[in-house]
Amino acid sequence: MNWILASNDIRHISRPLLSRCRVVFLRALTRCELFDFAARQVRKRGMDDGALDVVGALMQALPDGHIDLCLRGILRILDDLEALGEMPTFS
C-alpha cells in the first residue's frame, strides 16, 4: 500500500512516521507562476478579465511569504470575487 502525506513543515511529523517516508521538498511557486495559475482559473470559471486585474493587484500588494501567495490562497481570492459578483446590487 502506498500513501502520500503532505506537510508545510516536517518538524510537526513524528520521527517514527517520518523515518518511513520518502521526503520530497518542493520549491515555492513564483508570483509569475501563481498569476499564470490565476489566469487559467479565471478563464476556466468564465470570469471577467477584470477579476484577473484584481488578483494581480492583490498579489502585488501582499508581502513575500504571505499566506495567500499560494495556490489555495489564489483559489480563495477567486471564490470571494465570484461570490461578490453574485451579490445583488442596489441602486
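Predicted model only: the values in this text are computed from it and were never measured.

Colleague: Which residues make up the packing of helix α2 (residues 31-45) against helix α3 (residues 49-61), and what are the values?
Modeller: α3 packs onto α2 with a crossing angle of 160° between their chain directions and a minimal axis gap of 10 Å. With respect to α3, the element α2 is oriented roughly antiparallel. Note that α2 runs across α3; the crossing there is right-handed. Across the interface between the two elements, R31, L34, F35, A38, A39 and V42 from α2 touch A51, L52, V55, G56, M59 and Q60 from α3. Considered class by class, the residues forming the contact of α2 with α3 number nine nonpolar, two polar and one charged.

Colleague: Go over the side chain of Q41 with me, naming the residues and quoting the values.
Modeller: Looking at the secondary structure, you find Q41 in helix α2. Once you skip the residues sitting within four places of it in the chain, Q41 turns out to touch L75 and L78.

Colleague: Give a detailed account of the confidence of the model for the chain, specifying residues and quantitative values.
Modeller: Scored by pLDDT, the chain comes out at a mean of 91, with 100% of its residues at no less than 70. Within the chain, the lowest mean pLDDT, 93, falls on helix α4 (residues 71-86), and the highest, 97, falls on α2.

Colleague: Pulling in residues and values, what's your account of the packing of α3 against α4?
Modeller: One can describe the packing of α3 onto α4 by two numbers: an axis separation of 11 Å at closest approach and a directional angle of 135°. Viewed along their axes, α3 and α4 adopt a mutual orientation that is oblique. Crossing hand, α3 versus α4: right-handed. Contact residues: A51, V54, V55, L58 and M59 in α3; I74, I77, L78 and L81 in α4. Residue composition of the contact of α3 with α4, grouped by class: nine nonpolar, no polar and no charged.

About the thresholds
Here the residue numbers are simple positions, counted from 1 along each chain's written sequence. For this predicted model, a pLDDT threshold of at least 70 governs which residues receive local features, and a threshold of 80 or more governs which side-chain atom pairs are given and counted, while totals over whole chains, interfaces and linings are taken from all residues. To get the side-chain values, all heavy atoms of the structure are used, and hydrogens and water are removed first. The convention used is that axes are lines fitted to C-alpha atoms, helices contributing only their stretch in contact, and that angles between N-to-C directions extend from 0 to 180 degrees. The way it works is that DSSP assigns letters per residue, a run of H or I at least four long becomes a helix, a run of E at least two long becomes a strand, and they are numbered from the N terminus. Note on terminology: angles under 35 degrees are roughly parallel, angles over 145 are roughly antiparallel, angles of 65 to 115 are roughly perpendicular, and the others are oblique. In a left-handed crossing the near helix is turned counterclockwise from the far helix by less than a right angle, and in a right-handed crossing that turn is clockwise. Two residues qualify as a contact provided that any one of their heavy atoms is within 4.5 Å of a heavy atom in the partner residue. Basically, the charged four are Asp, Glu, Lys and Arg, the nonpolar ten are Ala, Val, Leu, Ile, Met, Phe, Trp, Tyr, Cys and Pro, and anything else, Gly included, counts as polar. The quantity called pLDDT is the predictor's confidence in a given residue, expressed from 0 to 100.

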